[in-house]
Amino acid sequence: MSGNGMTGKSLKDASTIGPRGQARCQALLDAASALFMEKGFEQTTLNDIFQRAGGSRTTLYEHFGDKAGLFRVMMEENSERFLDMMAAVADAERDEPVESALTRFGLHFAQCILDPRTTAILRILVAEGNRIPDIADAFFRDGPDAAVGRFAAYLRGLADAGTLRIADPEVAAQAFMGMTTGNLLVRRLILPDLPVPEAEVVDYVAKAVRLFLAGARPAA
């Protein structure tokens, strides 16, 4: 399990350790993230991380706790970056036609989920979730659950305005996100070294949006 210190916090919250300390922590985090993506969580050792990043065990233990702590911060920073970008997309969508807005959101969501770092995190959680349940819980709370909440708020606004017919915005948000990634994500998880062509993602999302709208548009 994770230790104390900086575990569970992003590096930008660690202002008390000074620029040099933050640089050392960032080097450890970058090395760990790269190694987790290359070798997986279980096969990555602390020696692997130190060999790539330098630094000391004292720095790691003090600011991350252990290897699981490094993974937690990697996961949290990825979720934060994803949610920040999603919020920016949502702000830009407010005055767009619904189909265009949903397509842009769906593409953004699919691209974020299919990103190598995100899929590496998902593969680690599938393999190690039972051993690090607190981190797995944090992933759902800070990532998918937060994303569903934000998108559901957007759908609720459309439903209140009569633009779409949606009885349960949260269920609709979950369904839409599943529709825009579905088979693409399964392939990415099983074959992580085989990128999904951008044109295929665009086509997949466009079809998912049309299918979603076919069930959500008000009756004529």
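For the structure, check the block above.
These figures come from a predicted structure and were not determined experimentally. (Residues numbered from 1 in each chain as written. Predicted model: local features only at pLDDT ≥ 70, side-chain atom pairs only at ≥ 80, totals over all residues. Heavy atoms only, no water.)

> Break down the layout of surface pockets for me, with residues and values.
Put simply, the largest pocket is a space of about 370 Å³. As for the largest pocket, its lining consists of 20 residues, and the residues nearest its centre are Phe109, Ile113, Leu122, Phe139 and Pro144. For the lining of the largest pocket, the secondary structure elements donating two or more residues are α4 (67-93), α5 (98-114), α6 (116-128), α7 (133-142), α8 (144-160) and α9 (169-190). Of the residues in the lining of the largest pocket, the class split is 12 nonpolar, 8 polar and no charged. What the second largest pocket holds in volume is close to 270 Å³. Lining the second largest pocket are 13 residues, with Phe36, Met37, Ala120, Arg123 and Pro192 positioned closest to its centre. (1 Å grid on protein atoms, 1.4 Å probe; cavity = no way out; pocket = protein on both sides within 12 Å on 5 of 7 lines; lining within 4 Å. Points joined across faces, edges and corners; volume = space filled by probe spheres on them. Helix = DSSP H or I, 4+ residues; strand = E, 2+ residues; numbered from the N terminus. Nonpolar A, V, L, I, M, F, W, Y, C, P; charged D, E, K, R; others polar.)

> How would you summarise the packing of α5 against α9 if you had to cite specific residues and measurements?
Where α5 meets α9, the closest approach of the two axes is 9 Å, and the angle between their N-to-C directions is 30 degrees. When the interaxial angle is binned, α5 and α9 end up roughly parallel. Pair α5 / α9 crosses with right-handed handedness. Between α5 and α9, the residues in contact are Leu102, Phe105, Gly106, Phe109, Ala110, Ile113 and Leu114 and Phe176, Met177, Thr180, Thr181, Leu184, Leu185 and Arg188, respectively. Considered class by class, the residues forming the contact of α5 with α9 number 10 nonpolar, 3 polar and 1 charged. (Axes fitted to C-alpha atoms, helices over the stretch in contact; angles between N-to-C directions. Parallel < 35°, antiparallel > 145°, perpendicular 65-115°, else oblique. Left-handed = near helix turned anticlockwise from the far one by under 90°. Contact = heavy atoms within 4.5 Å.)

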